[in-house]
Amino acid sequence: LAPKAVPFYNAVHRVWGPVALMVASIFFGPGAALFTGGLAWLAHVAIDRAAGFGLRTPEGFQRD
């Protein structure tokens, strides 16, 4: 992974983003659509982690 893409990759592969989206779905807008999007995002993160694809180092390599 290119080093300039690492901050974005690491940001979207943490659980706080999808959890925040799911909580926001309770208070704002079309709740079912936001909740489903957050759930899908969370499932993606969980599957990546289960498959061994965690966060990246600043150089773009997989962390152990």
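Preceding this paragraph is the structure being described.
Small disclaimer: the values here were computed from a predicted structure and weren't measured.

Reading guide: rules and limits
- Residues numbered from 1 in each chain as written.
- Predicted model: local features only at pLDDT ≥ 70, side-chain atom pairs only at ≥ 80, totals over all residues.
- Heavy atoms only, no water.
- Helix = DSSP H or I, 4+ residues; strand = E, 2+ residues; numbered from the N terminus.
- Polar contact = N/O pair within 3.5 Å; in protein donor to acceptor, adjacent residues only side chain to side chain.
- Contact = heavy atoms within 4.5 Å.
- Expected span 1.5 Å × (residues − 1).
- Buried < 20%, exposed > 50% of the residue type's maximum accessible area, 1.4 Å probe, protein only.
- Arc of directions from axis to C-beta.

Draft legend 1. Looking closely at the side chain of Asn10. The residue Asn10 is located in helix H1 (residues 6-12) in this model. Here the side chain of Asn10 touches Arg56 through a polar contact of 2.8 Å, landing on its backbone nitrogen. Contact partners of Asn10, with chain neighbours within four places excluded, come to Leu55 and Arg56.

Draft legend 2. Focus on helix H3 (residues 31-50). The end-to-end C-alpha separation of H3 is 28 Å, in line with the 28 Å expected for 20 residues at 1.5 Å each. Burial in H3 covers these residues: Gly38, Val45 and Asp48. For H3, the angular spread of buried residues about the axis comes to 85°, placing them on one side. Opposite the buried face of H3, by more than 90 degrees, sit the exposed residues Ala32, Ala33, Thr36, Ile47 and Ala50. Close packing links the buried residues of H3 with H1 and helix H2 (16-27). Once H3 finishes, Gly52 follows within two positions and takes phi at roughly 95°, a positive value.

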